[in-house]
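If you want the building blocks of each chain, they are given just below.
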Amino acid sequence: KNQVEQSPQSLIILEGKNCTLQCNYTVSPFSNLRWYKQDTGRGPVSLTIMTFSENTKSNGRYTATLDADTKQSSLHITASQLSDSASYICVVSATLQAGLFFGTGTRLTVIP
Amino acid sequence: GAVVSQHPSRVICKSGTSVKIECRSLDFQATTMFWYRQFPKQSLMLMATSNEGSKATYEQGVEKDKFLINHASLTLSTLTVTSAHPEDSSFYICSAIPEGGSGELFFGEGSRLTVL
């Protein structure tokens with residue numbers, strides 16, 4: 001069964017601290033994995049998209065890693081800012097059947 | 001980057017009426033668009049896949065007669081919530097994948113539906 005699981009479900013950190021969000025998936029055959037940031041009441045915005053051959057991809061203070069062997073991905077946020085408070089969603093795409101599978105998201109709250 | 005526009009961004013309607021939400025890809029063509037529903041503090045739930053020129057593919061548990069999807073052109077998909085009830089109140093979001101692109105998925109800004 002194709003599934004995407006994210007952890008933790010929610011996270012509270014102090015401004016300036018780093019954090020890492022996890023995404024484990026069982027989607028097969030794998031095509032790509034995307035991380036999105038969704039502010040409350042807004043549509044998701046793409047942070048990174050990674051294919052099978054990519055291990056790491058950065059976008060400013062956001063760094064995503066992918067281990068296709070263990071089917072795990074992480075999103076590391078460096079020097080967090082208050083504006084990082086949002087939900088972070090992991091989406092895995094399968095080839096052939098062109099399916100998209102969504103994680104339930106991690107809700108991050110950055111406090112001063 | 002590619003832009004997906006939704007309209008209206010907010011709509012309030014009376015119970016029993018129908019509401020149409022539009023999803024447009026402004027600077028690219030999209031054979032496939034997706035519609036999601038999101039309840040407060042929950043993640044996106046895929047409702048249906050909208051295919052240009054053909055019938056939409058609905059996820060299990062989503063009533064196709066309740067949520068009518070039309071994808072008449074490569075840049076426009078519409079979601080009509082028919083005979084809306086208060087439990088249909090939610091945040092509806094669409095997304096699209098540009099034709100011939102890298103597979104990047106672009107989301108609209110969402111439409112907040114409140115049914116009184």
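Scroll up to find the structure.
Numbers given to residues run from 1 along each chain, matching the order in which its sequence is written. Written order decides the labels, with chains lettered from A and ligands numbered from 1. It should be noted that, the model being predicted, local features are given only for residues of pLDDT at least 70 and side-chain atom pairs only at 80 or more, the latter also being counted only at that level, while totals for whole chains, interfaces and linings use all residues. The side-chain quantities take in all heavy atoms of the structure and omit both hydrogens and water.

Chemist: How should the overall build of chain B be read in this particular structure?
Modeler: Here a strand is any run of E in DSSP of at least two residues, a helix any run of H or I of at least four, and the numbering for each starts at the N terminus. Within chain B one finds zero helices and 11 strands. When its helices and strands are written in sequence order, chain B yields β-β-β-β-β-β-β-β-β-β-β. For chain B, whose C-alpha radius of gyration is 13 Å, the value lies close to the compact-globule estimate of 13 Å for 116 residues. The principal-axis extent of the C-alpha atoms belonging to chain B is close to 40 × 25 × 20 Å. Accessibility here uses a 1.4 Å probe with only protein chains present; expressed as a share of the type maximum, an area under 20% marks a residue as buried, one over 50% as exposed, and anything in between as partly exposed. Burial statistics for chain B: of 116 residues in total, 49% are counted as buried. A radius of gyration in this sense is built from C-alpha atoms; the matching globule rule multiplies 2.2 Å by the number of residues raised to 0.38.

Chemist: Where do I start with a nonpolar patch on the surface in this structure?
Modeler: On the surface, a nonpolar cluster with roughly 280 Å² of combined accessible area is contributed by Ile 12, Leu 14 and Ile 111 of chain A. By the element assignment, Leu 14 of chain A lies in strand S2 (residues 10-14). Every patch collects residues that have over 30% relative accessible area and no salt bridge, joining them within 9 Å if they carry like charges and within 5 Å if they are nonpolar side chains (Val, Leu, Ile, Met, Phe, Trp, Tyr). Per-residue and other accessible areas were derived by the Shrake-Rupley procedure at a 1.4 Å probe size, with only the shown protein chains allowed to occlude residues. By definition, a salt bridge exists where a carboxyl oxygen of Asp or Glu is found within 4 Å of a side-chain nitrogen of Lys or Arg.

Chemist: What is the right way to read the pattern of salt bridges from this model?
Modeler: Opposite charge on two side chains permits pairing when their charged atoms draw close. Within this structure, the stated rule accounts for five salt bridges over all chains. Between Arg 24 of chain B and Glu 22 of chain B there is a salt bridge; the shortest N-O distance is 3.5 Å.

Chemist: What should I look at first to understand the sheet that holds strand S7 (residues 62-67) of chain A in this one?
Modeler: Residue and element names in this part refer to chain A. Here, strands pair whenever DSSP counts at least two bridges between them. Taken in spatial order, the five strands of this open sheet run S1-S3-S8-S7-S6, and their pairing is antiparallel. The open sheet is flanked by strand S1 (4-7) and strand S6 (56-59), the only strands paired with a single partner. Adjacent strand axes in the sheet meet at a mean angle of 15 degrees, parallel and antiparallel pairs treated alike. When S6 meets S7, the two strands line up antiparallel, connected through four bridges. Bridge assignment links Thr 56 to a residue of S7, and that residue is Thr 65. An axis is simply a line fitted to the C-alpha atoms; with a helix, the fit covers only the stretch in contact. Between two such axes, the angle follows the N-to-C directions and lies from 0 to 180 degrees.

Chemist: Teacher, can you tell me more about the interface of chain B and chain A here?
Modeler: Contact with chain B, which involves 14 residues of that partner, is made by 15 residues of chain A. Buried area is a sum: the accessible area each of two parts loses on coming together, probed at 1.4 Å, counted once for each and added. Roughly 1300 Å² of surface becomes buried between chain B and chain A when both sides are summed, with 56% attributable to carbon and sulfur atoms. At the junction of chain B with chain A, the criterion picks out one salt bridge. Among the salt bridges present, the one from Glu 109 of chain B reaches Arg 42 of chain A, with a minimum N-O distance of 2.5 Å. Identification of polar contacts relies on pairs of N or O atoms within 3.5 Å, with a donor-acceptor requirement for protein atoms, meaning one able to donate a hydrogen and the other able to accept it, and with residues adjacent in sequence counted only if both atoms are side-chain atoms. Taken together, the links from chain B to chain A amount to six residue pairs in polar contact (both at pLDDT 80 or more). Of all the elements in the fold, those that place two or more residues in the side of chain B that touches chain A are strand S4 (32-38) and strand S9 (90-96) of chain B. Note on contacts: a residue pair is in contact if any heavy atoms of the two residues lie within 4.5 Å.

Chemist: Please clarify how the pairing of strand S11 (residues 111-115) of chain B should be interpreted in this entry.
Modeler: Look at any regular strand and the pattern is simple: side chains alternate between the two faces of the sheet. Residue and element names in this part refer to chain B. Where burial is concerned, the two faces of S11 differ: the one with Ser 111, Leu 113 and Val 115 is buried and the one with Arg 112 and Thr 114 is not. Alignment of strand S2 (residues 10-13) against S11, held across four bridges, turns out to be parallel. Note that in S11 the partner of Arg 10 across the bridge is Arg 112. In terms of strand pairing, S9 meets S11 through three bridges, oriented antiparallel.

Chemist: Got a minute to help me understand the state of the cysteines in this structure?
Modeler: By definition, a disulfide links the sulfur atoms of two cysteines through a covalent bond. Residue and element names in this part refer to chain A. Two cysteine sulfur atoms form a disulfide, by the criterion used here, when they sit within 2.5 Å. The full count for this structure, using the stated rule, is two disulfides over all chains. Across a sulfur-sulfur distance of 2.0 Å, Cys 23 and Cys 90 are joined as a disulfide pair. Between Cys 23 and Cys 90 the sulfur-sulfur dihedral comes to about -65 degrees; the bridge is accordingly left-handed. Of this pair, Cys 23 sits in strand S3 (residues 19-25) while Cys 90 sits in strand S9 (residues 86-94), and the two are 67 residues apart along the sequence.

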